[in-house]
Amino acid sequence: MAIVPNEPVLALRGISKRFGAVQALSDIHLEVHAGEVVALVGDNGAGKSTLVKTIAGVGPADEGVLAWQGRPVQISRPHDAQELGIATVYQDLALCDNIDVVGNLFLGREILRGGVLDEVEMERRARELLQTLSIRIPSVRIPIASLSGGQRQTVAIARSMLGEPKLVILDEPTAALGVEQTAQVLDLVERLRERGLAVILISHNMADVKAVADRVAVLRLGRNNGTFEVRSTSQEEIISAITGATDNAVTRRKARSGEVAK
């Protein structure tokens, strides 16, 4: 199916999710386009993780529509998301410390020849993938446990690229990383955008958000509380939307500028 110009890769319309008596998400709207990084931010309990799981097929929405490249789709399980081209890198990375980089990259996607692991081909593809993404590590045969936190994160992101996704969701990719390691990961996020991928970045770090995101979508108490263009919005205004100092910040900005809501 051809992608219509300016058609979002993913569009959420009126997404709601309930857990018993708790309304976790209410009427969420979100769009992300090819070659764009959208930061999803909000305080603890804002609904970020629930929304990510909805997109990734871990916890399907109760109400609303998910549109993929302009057509409504059902994402009821992780396999559905992967088939569409959605890759999610969770904060725990799900890497095996005692296995080398090649083994981790192809974990669950092993290449076989004559019923035996084709180690040569997997190593060749691993080197090619890391080179394409400009990821530098000492060796593709080094155990994951020997890598720095930033290097582990880049390997986890690289693994998500094996399925040739169109959308990559990154859950707190720079959490607990030092300055140099954070820079490594943010550089990789920019390369994903340059390759034309849509990226959803979940982060609490406003400096990281301002460094790589094109737009910021704020969630507060399970609802939208503003979508901002990074270049034209101050960090203080985004934080105000996160904390609730401004309610529905975008609406208020439009009102101040004289725009009338339709």
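Treat the numbers as computed from the prediction; the structure is a model and nothing was measured. (Residues numbered from 1 in each chain as written. Predicted model: local features only at pLDDT ≥ 70, side-chain atom pairs only at ≥ 80, totals over all residues. Heavy atoms only, no water.)

Enquirer: Kindly report on the nonpolar core, identifying the contributing residues and their values.
Expert: With 49 residues, the main nonpolar core has Val41 and Val101 as its most contacted residues. Beyond its immediate sequence surroundings of up to four residues, Val101 is in contact with Leu130, Ile137, Ser139, Val140, Ile142, Ile144, Leu147 and Val155. One finds Leu25, Ile28, Val73 and Ile200 within the second-largest nonpolar core, a separate group that totals 28 residues. (Core = buried A, V, L, I, M, F, W, Y, C linked by side-chain atoms within 4.5 Å. Buried < 20%, exposed > 50% of the residue type's maximum accessible area, 1.4 Å probe, protein only. Contact = heavy atoms within 4.5 Å.)

Enquirer: I'd like a description of the sheet that holds strand β12 (residues 223–229), backed by residues and values.
Expert: Taken together, six strands build an open sheet; the order of strands is β6-β9-β10-β3-β11-β12 and the sheet is mixed. What marks the edges here is a single partner per strand, and that holds for β6 (86–89) and β12. Strand-to-strand twist of the sheet, defined as the mean angle between neighbouring strand axes without regard to direction, takes the value 20 degrees. In terms of strand pairing, strand β3 (residues 37–41) meets strand β11 (residues 215–220) through four bridges, oriented parallel. Bridge pairing links Val38 to Arg215 in β11. (Pairing = 2+ DSSP bridges. Helix = DSSP H or I, 4+ residues; strand = E, 2+ residues; numbered from the N terminus. Axes fitted to C-alpha atoms, helices over the stretch in contact; angles between N-to-C directions.)

Enquirer: An account of helix α5 (residues 149–160) is needed here, citing residue identities and associated values.
Expert: Structurally, the α-helix is built with 3.6 residues per turn, so residues lying three or four positions apart point the same way. In a regular helix each residue adds 1.5 Å, so 12 residues correspond to 16 Å; α5 covers 17 Å between its end C-alpha atoms and thus fits that length. Most of α5 sits inside the fold, with 10 of its 12 residues counted as buried. Listed in full, the buried residues belonging to α5 are Gly150, Gln151, Gln153, Thr154, Val155, Ala156, Ile157, Ala158, Arg159 and Ser160. Close packing links the buried residues of α5 with β6, α3 (101–105), α4 (119–132), β9 (167–171) and α6 (179–194). (Expected span 1.5 Å × (residues − 1).)

Enquirer: Go over the sheet that holds strand β5 (residues 71–73) with me, naming the residues and quoting the values.
Expert: Spatially, the four strands line up as an open sheet ordered β2-β1-β4-β5, and their pairing is antiparallel. Looking along the sheet, the strands with just one partner apiece sit at the ends: β2 (22–32) and β5. Each adjacent strand pair in this sheet contributes to an overall mean axis angle of 30 degrees, direction not counted. Here strand β4 (residues 63–68) pairs with β5 via three bridges, running antiparallel. Bridging from a neighbouring strand, Ala67 pairs with Pro72 of β5. Together, β1 (10–19), β2 and β4 form the strand contacts of helix α1 (residues 48–56), whose direction differs from that of β1 by roughly 115 degrees.

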